[in-house]
Amino acid sequence: MRDVLSLYSEKVMEHFKNPRNVGEIENPDGIGHVGNPVCGDIMELYIKVKDEVIVDAKFKTFGCGAAIATSSMVTELVKGKTVEGALKISNHAVAEALGGLPPIKMHCSLLAEEALKSAIEDYLTKSKKGKARRHKENAKCKIQ
Ligand code: FES
């Protein structure tokens, strides 16, 4: 058991034992749902966006320790980033911020990247619809 734990960096263990930003955001601007069909782990990531900047992020992960640590880290990394900047966060950047992951656990960091991208896509879809609706309403006002 001790040998297996020695594969993980102190930072991974710290984020696994004390994950940051666990939970849901009330009225989120974007929600990402992803799962790994091989291991069965599931991740949900919520974002709050203001003026194209991610001001809050939370997660709920049903998964392994690496999945929990990477969820925790990705929510820390995205806060304060623009939506565009957040889209550039790769699973390698998340793993690196955690001091690395054992090669066999790199796929867990991929789940964190996919959850973030899924939440951003959800935000972009909703905001486009919102913009289109507001544009339509404005057009109606000008016609009247
Ligand atoms: S084993 Fe499934 S995400 Fe880690």
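Residues numbered from 1 in each chain as written. Predicted model: local features only at pLDDT ≥ 70, side-chain atom pairs only at ≥ 80, totals over all residues.

Identification of the protein as Fe-S cluster assembly scaffold protein NifU from candidate division NPL-UPA2 bacterium Unc8 is taken from an unreviewed UniProt entry.

Attention shifts here to the UniProt feature "domain: NIF system FeS cluster assembly NifU N-terminal" (unreviewed entry) in the protein. In the UniProt entry, the feature "domain: NIF system FeS cluster assembly NifU N-terminal" (unreviewed entry) is given for residues 8-128. Here residues 8-128 is 46% helix and 21% strand, with 41 Å between the C-alpha atoms at its ends. (UniProt positions renumbered as here; feature names shortened; annotations may be inferred. Helix = DSSP H or I, 4+ residues; strand = E, 2+ residues; numbered from the N terminus.)

On to helix α3 (residues 65-78), then. For α3, spanning 14 residues, the distance from its first C-alpha to its last is 20 Å, which sits close to the expected 20 Å at 1.5 Å a residue. Among the 14 residues of α3, 11 are classified as buried, and the element is accordingly described as predominantly covered. Those residues of α3 lying buried are Ala66, Ala67, Ile68, Ala69, Thr70, Ser71, Ser72, Met73, Val74, Thr75 and Val78. At the exit of α3 stands glycine 80, carrying a positive phi of roughly 90°. (Expected span 1.5 Å × (residues − 1). Buried ≥ 20, exposed ≤ 12 C-beta atoms within 10 Å, placed from the backbone.)

What follows concerns the sheet that holds strand β2 (residues 42-50). On the basis of which strands lie adjacent, the open sheet formed by 3 strands has the order β1-β2-β3 and antiparallel pairing. Looking along the sheet, the strands with just one partner apiece sit at the ends: β1 (30-35) and β3 (53-62). Averaged over neighbouring strand pairs, the angle between their axes works out to 15° when direction is ignored. (Pairing = 2+ DSSP bridges. Axes fitted to C-alpha atoms, helices over the stretch in contact; angles between N-to-C directions.)

Okay, the pairing of β3 next. Where β2 and β3 come together, 9 bridges link them in antiparallel fashion. Across the sheet, residue methionine 43 finds its bridge partner in β3, namely threonine 61.

Where helix α2 (residues 10-17) contacts α3, the two axes come as close as 8 Å, and the packing angle between them is 85°. One finds that α2 runs roughly perpendicular with respect to α3. On α3, the residues touching Val12, His15 and Phe16 of α2 are Gly65, Ala66, Ile68, Ala69, Ser72 and Met73. Considering only residue class, the contact of α2 with α3 consists of 6 nonpolar, 3 polar and no charged. (Parallel < 35°, antiparallel > 145°, perpendicular 65-115°, else oblique. Contact = placed C-beta atoms within 7 Å. Nonpolar A, V, L, I, M, F, W, Y, C, P; charged D, E, K, R; others polar.)

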